[in-house]
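# Geometric and topological summary
Listed below are the residues making up each chain.
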Amino acid sequence: MSSDQQVVSLCDAYKDYFPIGAAVSSRCIHTHRDLLLRHFCSVTATNEMKFSSIHPDEGSYQFVLADSIVEFAEANDMLIRGHTLVWHQQTPERVFIDSDGASASRDLLLSRMRDHIETVVSRYKGRVYCWDVVNEAIDDKGSDYLRPSKWLQIIGPDYIEKAFEYAHAVDPDALLFYNDYNAVAPYKREKIMRLITELQQKGIPIHGIGLQGHWNIYWPSVDEIRYALDDYARLGLTIQITELDLSVFAYGDTRIDLTEPTSEMMELQAKRYEELFRLFREYKGVISGVTFWGIADDVTWLHNFPVRGRRDWPLLFDCEHQPKESFYRVARF
């Protein structure tokens, strides 16, 4: 490594801007410990705080793995983001049925939601500083508004506001976020804006918007993200980039033959990361956190998704945990 490429800490580089976070598992707090301690000052559990992980059976909560992440963060003076309380995926099917095997009633499902939120949020009260309360409730179809989840079908659209009210009642100091993907795409941005505005008009305690940054080296453009940041900023809430990674494959690319990324891919990825963080720094008064969805390329949800059998290289550190050119473009400015 040349002398002008000394590995600085990401958190140190961005201490005057916003915390830099990583999504972690209970395993990678050990396998990726050195990278975490050097470069990140916030953690989000990838799966360990989701409904199916933490509350697999009626009346039974499994906190061991989530606790291990929280305790790791606390021991190392890291912020902790809670992810996620209400989602249409990774929720046990039994949540939506009654003791007779029929569909749960509205009152029963609301009771189960409230029990789950109260139990989880109270356990981490004063420790988890913010929660992704509702995740991905907006529908992807152009004309439809809310995703037709079982939460919506059984409770109705007010399940979203109830979730925020329940969380706020337990921990009034926690920042509460609505979190979604493709949030910079105009068709979806408009619906998210509508949802947030409706919640605000009803006085629902919502404090932030989480923009999942599951993007790629071709999309979205910096201008598209800027337009979205300007729109969301007008709502007066804090914004966080909650799940950032840059796939080296364009949407619709189904290749599986690459065993390593090309130099062209890595250069374009580095350029894109540089552009993104230049933009994020411009909005430091609005953006209160940037979290990568992973730590290094050896462990990423994009391996085998959306194309089975394909590897991807979306993060700032390679499979050997060494900084990539993307890292230097982000860390040096």
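The structure presented is a predicted model; accordingly, all values stated were derived computationally and were not measured. (Residues numbered from 1 in each chain as written. Predicted model: local features only at pLDDT ≥ 70, side-chain atom pairs only at ≥ 80, totals over all residues. Heavy atoms only, no water.)

## Comments concerning the packing of aromatic side chains
- Tallied over the entire structure, the rule returns 17 aromatic pairs.
- Ring geometry for F327 and Y328: centres 5.3 Å apart, planes at 80°, overall edge-to-face. Here F327 and Y328 have matching classes, each one buried.
- Among the aromatic residues, those joined into a cluster by ring pairs are Y14, Y17, F18, F40, Y273, F277, F280, F292 and F333.
- Lying over the aromatic face of F333, R281 brings its terminal NZ or CZ to 3.9 Å of the ring centre. (Phe/Tyr/Trp six-rings, centres within 6.5 Å; stacked < 30°, edge-to-face > 60°. Buried < 20%, exposed > 50% of the residue type's maximum accessible area, 1.4 Å probe, protein only. Lys NZ or Arg CZ within 6 Å of the ring centre and 35° of its normal.)

## With respect to the state of the cysteines
- This model, assessed by the stated rule, comprises one disulfide.
- Here C11 is linked by a disulfide to C41, with a sulfur-sulfur distance of 2.4 Å. Its torsion about the S-S bond being -100°, the disulfide of C11 and C41 is classed as left-handed. Placement of the pair is C11 in helix α1 (residues 10–13) and C41 in the loop between α3 (33–39) and β2 (42–45), with a sequence separation of 30 residues.
- By relative accessible area, which is 13% here, C11 ends up buried.
- On the basis of relative accessible area, C41 is assigned to the partly exposed category, the value being 22%.
- Cysteine C319 is unpaired, with the sulfur of C28 as its nearest cysteine sulfur at 14 Å. (Disulfide = S-S within 2.5 Å. Helix = DSSP H or I, 4+ residues; strand = E, 2+ residues; numbered from the N terminus.)

## A few points about the pattern of salt bridges
- As enumerated under the stated definition, the model contains 22 salt bridges in all.
- Among the salt bridges present, the one from E93 reaches K150, with a minimum N-O distance of 2.3 Å. Here E93, found in the loop between β3 (79–87) and α6 (106–123), pairs with K150, found in helix α7 (residues 150–155); they are 57 residues apart in sequence, far enough to count as distant.
- Taking the relative accessible area as the measure of exposure, E93 reaches 45% and is therefore partly exposed.
- Residues joined by salt bridges that share partners form a network here, namely E267, E274, R278, E325 and R329. (Salt bridge = Lys/Arg side-chain N within 4 Å of Asp/Glu carboxyl O.)

## Observations regarding the side chain of D180
- Its place among the elements puts D180 in strand β5 (residues 175–180).
- A distance of 2.5 Å separates polar atoms of two side chains, one belonging to D180 and the other to Y178.
- Look past the residues within four positions of D180 in its chain and what remains in contact with it is E136, A137, I138, K188, I192, G210, L211 and Q212. (Polar contact = N/O pair within 3.5 Å; in protein donor to acceptor, adjacent residues only side chain to side chain. Contact = heavy atoms within 4.5 Å.)

## A closer look at the packing of helix α9 (residues 186–201) against helix α10 (residues 222–233)
- Where α9 contacts α10, the two axes come as close as 11 Å, and the packing angle between them is 15°. Between α9 and α10, the angle falls in the class roughly parallel. Judged by the sense of rotation from one axis to the other, the crossing of α9 with α10 is right-handed. Touching R189, I192 and M193 of α9 are E224, Y227, A228, D231 and Y232, all from α10.
- The residue makeup of the contact of α9 with α10, split by class, is five nonpolar, no polar and three charged. (Axes fitted to C-alpha atoms, helices over the stretch in contact; angles between N-to-C directions. Parallel < 35°, antiparallel > 145°, perpendicular 65-115°, else oblique. Left-handed = near helix turned anticlockwise from the far one by under 90°. Nonpolar A, V, L, I, M, F, W, Y, C, P; charged D, E, K, R; others polar.)

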